[in-house]
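Structure at a glance
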Amino acid sequence: MLIYCIKRIGLGILIVMLAVTLLFFMIHLVPGDPARILLGPRATPELIASMSQQLGLDKPLPIQILMFFANLFRGDMGMDVITNRPVADIVFGQLPYTLSLILTAIIGAALIGIPLGCYSAINRNSLADRVTGILSVACITAPAFVVALYSLLIFAVYLKWFPAVGAGEKGDFGDQVAHLVLPAFAIGLSWVGYLSRLVRASMLEVMGENHIRTARAYGLPERLVVFRYALKLAVLPTVTVIGVGMGFLLSAAVFTEIVFARPGLGKLIFDSISTRNYPVVMGSVLVSTILFVISTTISDLINAWLDPRIRASL
Amino acid sequence: MSKNVLTIRNLSVNYQTDQGTLQAMRNVNIDVPKGSIVGVVGESGCGKSTLISTIIRLLATNADIPNGEVDFEGRDILTLSEDEMRKLRGDRLSIVFQDPMSSLNPVLTIGKQMTDIQYRDKKTMAQKRQRSINMLESVGIPDPASRLNQYPHEFSGGMRQRIAIAMALQAEPSLLIADEPTTALDATLEVQIIHLLKQLQSTIGCSVLFISHHLGVIAELCDYVVVIYAGEVVEEGTVSDVFKRPQHPYTEKLLECDPANIAQKTRELPTIPGNVPDLVSLPSGCIFKDRCHTKIDRCDNERPQRIDAADKHYVSCHLRSPQ
Ligand SMILES: Nc1ncnc2c1ncn2[C@@H]1O[C@H](COP(=O)(O)OP(=O)(O)OP(=O)(O)O)[C@@H](O)[C@H]1O
Ligand SMILES: [Mg+2]
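Residues numbered from 1 in each chain as written. Chains lettered and ligands numbered in written order. Predicted model: local features only at pLDDT ≥ 70, side-chain atom pairs only at ≥ 80, totals over all residues. Heavy atoms only, no water.

We now examine the layout of surface pockets. Estimated volume of the largest pocket: approximately 860 Å³. Lining the largest pocket we find 29 residues, and of these A:Met207, A:Arg216, B:Leu58, B:Leu59 and B:Thr61 sit closest to its centre. Of all the secondary-structure elements, those providing two or more residues to the lining of the largest pocket are α5 (87-122), α8 (173-207), α9 (210-217) and α10 (222-259) of chain A together with α1 (48-55), β4 (63-72) and α2 (82-88) of chain B. Among the elements that line the lining of the largest pocket, the one with the most residues is α1(B), at 4 residues. Here the residues of the lining of the largest pocket are counted per class, giving 12 nonpolar, 7 polar and 10 charged. Approximately 490 Å³ is the volume found for the second largest pocket. In terms of lining residues, the second largest pocket is bounded by 20 residues, among which A:Ile13, A:Val16, A:Met17, A:Val20 and A:Ile290 are the most central. Elements with a minimum of two residues in the lining of the second largest pocket: α1 (2-28), α4 (61-73) and α12 (278-306) of chain A. (1 Å grid on protein atoms, 1.4 Å probe; cavity = no way out; pocket = protein on both sides within 12 Å on 5 of 7 lines; lining within 4 Å. Points joined across faces, edges and corners; volume = space filled by probe spheres on them. Helix = DSSP H or I, 4+ residues; strand = E, 2+ residues; numbered from the N terminus. Nonpolar A, V, L, I, M, F, W, Y, C, P; charged D, E, K, R; others polar.)

Here it is, written out as structure tokens:
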């Protein structure tokens with residue numbers, strides 16, 4: 001397991017480095033002066049000069065790449081020319097909001113979707129299974145921004161159960177949680193449906209396998225057969241999907257944060273694109289990428305922990 | 001009846017399919033005397049697995065049992081509740097499945113699976129593990145204590161089948177059912193496993209219902225043999241009777257196609273010209289008539305009765321009937 005962990009984390013780091021290199025070339029190999037492009041409409045000769053200096057544009061390309069990496073490694077993603085604050089500070093200031101939103105959404109969806117899928121699989125073709133089936137498909141097909149708008153209207157505006165906008169008072173945990181409910185619901189709802197369908201399908205597949213027949217032929221109680229012998233295998237694809245799904249959640253967060261006027265990475269990306277503040281866009285994209293790599297790495301590690309064959313494979 | 005561990009009477013099993021009702025087994029009678037090894041032989045699709053699934057009551061959901069009794073240790077298995085049935089499984093009644101590669105759980109250690117099935121015993125975990133270690137030792141797994149912490153994919157096919165046998169015999173059942181346990185193994189391993197089974201059977205003193213399409217293995221291992229064709233028992237008797245003086249033309253053909261010489265046995269299925277009849281729309285008369293080389297007029301319309309060919313040697317064929 002330890003060897004697998006080291007290899008898999010090493011792979012994750014490699015992927016991040018590749019992504020960073022790609023990003024570097026995206027900025028530097030487009031025609032024109034990178035400093036001018038990064039500064040966009042605000043490009044004054046002085047700013048261009050200082051930006052060129054900061055990027056090391058006067059040095060040869062390999063040195064530039066090294067500098068790029070070295071800066072990133074120290075957590076330096078350059079300065080935001082508008083607010084004159086380090087990009088890293090801005091991005092990491094917004095990160096907790098998005099992270100808490102995404103994690104609440106996906107953990108909530110898993111906690112509801114996985115048991116629902118198990119229940120459907122065990123009671124296959126029952127009325128309850130059919131109803132969950134229809135509801136799940138309805139959830140899957142409802143786009144996050146539509147759910148966001150309607151939940152805002154219904155639960156915040158009419159029923160006034162939850163606050164409508166913002167992320168809550170700083171330091172007031174209860175208030176922050178209350179502000180988290182609706183946005184997390186908006187992006188998590190389709191995942192409840194999706195995960196329940198996925199778990200149902202893989203559960204049914206596993207329940208048909210030979211070793212389950214063996215477990216039953218030994219008279220093991222059905223509870224043990226389902227939750228120890230079948231579920232451990234049936235969640236493997238779900239864990240992978242959740243890991244990759246973090247990428248989709250990051251993009252769903254953009255809509256949701258705008259609708260609920262919540263701070264966060266999505267809102268930051270949206271705002272900085274509209275003001276053409278490229279250093280901040282870049283910083284946010286970079287952090288999102290790293291987040292994505294981390295989540296897929298974690299999901300792979302969980303799978304390896306669950307399934308010894310995966311451990312042996314890398 | 002008390003001298004039998006298992007007595008199957010008049011058992012029929014149907015599958016509901018899109019084409020109609022498939023009569024996979026019809027009026028089957030099988031006896032497994034205490035302490036004996038009974039072989040069931042027949043071509044692929046003749047209903048061997050259906051027979052086993054009926055005995056352990058794990059038939060597919062589209063199956064039903066229109067008539068029959070499966071008497072196991074004095075109780076009709078078919079009338080037991082699901083809970084009572086579960087008490088028998090893996091305790092009085094154990095099974096070794098055909099494919100050792102897929103019949104063990106891939107994400108649980110061997111030790112976990114072997115101790116889990118002892119869930120009925122009020123023993124400590126250490127005692128259960130010790131029991132499993134002893135079992136693994138008796139099936140010839142070297143260094144069983146540390147092997148217990150390994151997963152199925154870390155064992156070879158032959159070893160996995162040994163583990164499956166160890167699991168099945170761990171509870172010292174009174175009946176062990178083996179569904180072609182050696183089909184997935186190569187010839188040398190097959191012989192080893194057969195010897196192992198025979199040796200363990202005599203130490204534990206259980207009875208064995210051994211399914212195979214391989215006559216050589218049956219001859220080597222079993223006391224009695226039951227020949228099934230297309231869901232019906234066509235001949236049964238002691239191994240020496242049936243193999244030396246086969247009475248049914250199907251048995252004769254099987255023996256012809258499979259030289260009983262174990263040293264140079266072929267591993268292919270016996271090939272007899274023609275095909276198994278369609279089990280959805282059964283022909284009238286004898287079930288084997290279309291492939292029979294000694295067919296007479298009576299075979300077309302009249303179903304052959306089970307008759308005594310010799311002591312404990314039964315056959316269903318018009319050629320052997322008195323008139
Ligand atoms: N679930 C099912 N639904 C419909 N038909 C079935 C089902 N299971 C088995 N059958 C049919 O019942 C007959 C007997 O099948 P069974 O699996 O018992 O044969 P078998 O003797 O075990 O064959 P093999 O040697 O290939 O394992 C076959 O014709 C098969 O097609
Ligand atoms: Mg079979």
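Let's shift gears to the site of ligand 1. Residue and element names in this part refer to chain B. Surveying the vicinity of ligand 1 reveals 16 residues, the closest of which are Ser44, Gly45, Lys48, Ser49 and Thr50. The separation between an oxygen atom of ligand 1 and a polar main-chain atom of Lys48 is 2.8 Å. Elements that contribute at least two residues to the shell around ligand 1 include exactly β1 (4-17), β2 (20-33) and α1. The element that contributes the greatest number of residues to the shell around ligand 1 is α1, accounting for 3 residues. (Near = heavy atom within 4 Å. Polar contact = N/O pair within 3.5 Å; in protein donor to acceptor, adjacent residues only side chain to side chain.)

Residue and element names in this part refer to chain B. What the 4 strands build is an open sheet, ordered β2-β1-β4-β5; its pairing is antiparallel. Strands at the two margins of the open sheet, each flanked by one partner only, are β2 and β5 (75-76). Sheet topology note: the β4/β5 ladder contains 2 bridges and is antiparallel. For Phe72, the partnering residue across the bridge sits in β5 and is Arg75. Along the sheet face, α1 touches β1, β2 and β4 and points at about 115° away from the line of β1. (Pairing = 2+ DSSP bridges. Contact = heavy atoms within 4.5 Å. Axes fitted to C-alpha atoms, helices over the stretch in contact; angles between N-to-C directions.)

Residues and elements named next belong to chain A. The domain architecture assigned to chain A consists of domain 1 (2-73) and domain 2 (88-313). Inter-centroid distance (C-alpha atoms) of domain 1 to domain 2 is 32 Å. Contacts between domain 1 and domain 2 engage 19 residues on the former and 17 residues on the latter. The junction of domain 1 with domain 2 conceals about 1500 Å² of combined surface from both sides, 78% of it contributed by carbon and sulfur atoms. Linking domain 1 with domain 2 are 1 salt bridge, by the criterion used here. Here Asp300 and Arg8 are joined by a salt bridge, their closest N and O atoms 2.7 Å apart. Linking domain 1 with domain 2 are 1 residue pair in polar contact (both at pLDDT 80 or more), by the criterion used here. Elements supplying a minimum of two residues to the side of domain 1 that touches domain 2: α1, α2 (34-39) and α4. The element that contributes the greatest number of residues to the side of domain 1 that touches domain 2 is α1, accounting for 11 residues. (Domains from an automatic or database assignment. Buried area = accessible area lost by both parts, 1.4 Å probe. Salt bridge = Lys/Arg side-chain N within 4 Å of Asp/Glu carboxyl O.)

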